Amino acid sequence: MITIKDVAKRAGVASSTVSCVLNGKDNVSELTRQKVLGAASELNYVKHGPASELKRKSTQTIGVMVHDMSSPYFSDLVPGIESAIKSHGYDLIVCSSMGGEKSTANRYIREKRIDGAIVIAQDIPDELLTEAAAREFPIVVMDRELTNEHIVNVLMDDEQGGYLATKYLIDQGHRTIAYINGPFNSDCNLLRYQGFLRALSEVDIEEKSEWRLSGQFCKESGYHAAKMLIEKGLPSAVFFANDDMAIGGLEAFREHYISVPEQVSVVGFDNIHVSQYVSPPLTTFRQPKTDAGLLAGHLLIQMLNGEQVKSIFTLDIQCVERQSVRAVTME
């Protein structure tokens, strides 16, 4: 097996210099860096592990790492990403993080089979991303914040979005409001929940723990959470942390002959395409997903071209008012 020592001997440099080059350090000259990479390429050296920096040859391919390829959230992001990278001659490959450490997404990042990655999946470990990211392998992460000079963060203002969604219900006269969580390991869910609590605190409404239920950002979890609310006793309004769960909730309410919004108001989050076609059409808070995908794609191309970019970009959330919320005068 070819080792760092073999590469160092071929390049005529110290092993420590090879290590610096392969780990993306900037304390070597460009001439030395090219010598090391050339030697490694000639020897077909491949370093296995998350810190690997070597790309013997550009693949002209960008990886988009998702958890569930069927998610409407993902399908809204892709057109923007694709538009950005295709205009620069790159192809797009989508990798799933299902399967954890052995997943396609984790493997492609760990082994660097692509030129760079846009990471949407929340279950890819932070440590893997921070160790893999380097000048030769830039990464854009979405909906979470990581600190690394070769990682750029594209964020939605989820805390403000959670605040605006809750304040919207409060402004419509609602004072008993349930919150249906997404996964607890999701940064965007935690931020939306913080915004929910901030809006309640501004008008001295105390959160009731029995009206905070756990979901998984999927339709089925929203359906089951709504059924639990029905058993506990319905609040005036329910804020589901994403549209998929809200749509599941609408189905549960319909099965139990509970009218929305006459008996309970419902707000979602994301503004996925189908949210306008459910009954009643869902009031939700829009994330500019296509714009976010376009931004993520352009940022990754800039990084691949060696350009310096800001580390964090935050996009605003907007209300999309439809027919699933009614105003109340008193409760």
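Since the model is a prediction, treat every value here as computed from it, not as a measurement.

**Things to note about helix 4 (residues 72-86)**
Its 15 residues give helix 4 an end-to-end C-alpha distance of 22 Å, which sits within 8% of 21 Å, the value for a rise of 1.5 Å per residue. Along helix 4, the sharpest kink reaches roughly 30 degrees, centred on Val78 and followed within four residues by the proline Pro79. Those residues of helix 4 lying buried are Tyr73, Phe74, Asp76, Leu77, Val78, Gly80, Ile81, Ala84 and Ile85. Considering only its buried residues, helix 4 is in contact with strand 1 (61-66), strand 2 (91-96), strand 3 (116-119), strand 4 (139-142) and helix 11 (289-304).

**Considerations on the pattern of salt bridges**
This structure, assessed with the given rule, holds eleven salt bridges. With its nearest N and O atoms 3.6 Å apart, the salt bridge here joins Lys86 to Asp91. The class for Lys86 is partly exposed, based on a relative accessible area of 42%. Overlapping salt bridges bring together Asp158, Arg192 and Asp270 as one network.

**Re the packing of helix 2 (residues 15-22) against helix 3 (residues 30-42)**
With their axes 10 Å apart at the nearest point, helix 2 and helix 3 run at an angle of 90 degrees to one another. As judged from the angle between their axes, helix 2 and helix 3 are roughly perpendicular. Touching Thr17, Val18, Val21 and Leu22 of helix 2 are Thr32, Arg33, Val36 and Leu37, all from helix 3. Classifying every residue of the contact of helix 2 with helix 3 by side-chain character gives five nonpolar, two polar and one charged.

**Some points on the packing of aromatic side chains**
For the structure shown, the criterion picks out six aromatic pairs. With centroids separated by 6.1 Å and ring planes inclined at 20 degrees, the aromatic side chains of Tyr193 and Phe196 adopt a geometry described as stacked. Pair noted here: Tyr193 and Phe196 are both in helix 8 (residues 187-202), with a separation of three residues, about one helical turn. For the pair formed by Tyr193 and Phe196, the shared burial category is buried. Where Phe239 meets Phe269, the ring centres are 6.4 Å apart and the plane angle is 40 degrees; that geometry is what we call tilted. Taken together, the residues Phe239 in strand 8 (residues 237-240) and Phe269 in the loop between strand 9 (265-267) and strand 10 (284-286) connect sequence positions 30 residues apart. On the accessibility criterion, Phe269 (0% relative accessible area) is buried. Connected via pairs of aromatic rings, a cluster forms that spans Tyr179, Tyr193, Phe196, Phe239 and Phe269. For Arg113, the ring lying beneath its charged end belongs to Tyr108, and the centroid distance is 5.3 Å. Between Lys310 and the ring centre of Phe313, over which it is positioned, the NZ or CZ distance is 4.8 Å.

Scoring rules and cut-offs
Residues numbered from 1 in each chain as written. Predicted model: local features only at pLDDT ≥ 70, side-chain atom pairs only at ≥ 80, totals over all residues. Heavy atoms only, no water. Helix = DSSP H or I, 4+ residues; strand = E, 2+ residues; numbered from the N terminus. Expected span 1.5 Å × (residues − 1). Bend = angle between axes of the 7 residues up to and from the residue. Buried < 20%, exposed > 50% of the residue type's maximum accessible area, 1.4 Å probe, protein only. Contact = heavy atoms within 4.5 Å. Salt bridge = Lys/Arg side-chain N within 4 Å of Asp/Glu carboxyl O. Axes fitted to C-alpha atoms, helices over the stretch in contact; angles between N-to-C directions. Parallel < 35°, antiparallel > 145°, perpendicular 65-115°, else oblique. Nonpolar A, V, L, I, M, F, W, Y, C, P; charged D, E, K, R; others polar. Phe/Tyr/Trp six-rings, centres within 6.5 Å; stacked < 30°, edge-to-face > 60°. Lys NZ or Arg CZ within 6 Å of the ring centre and 35° of its normal.

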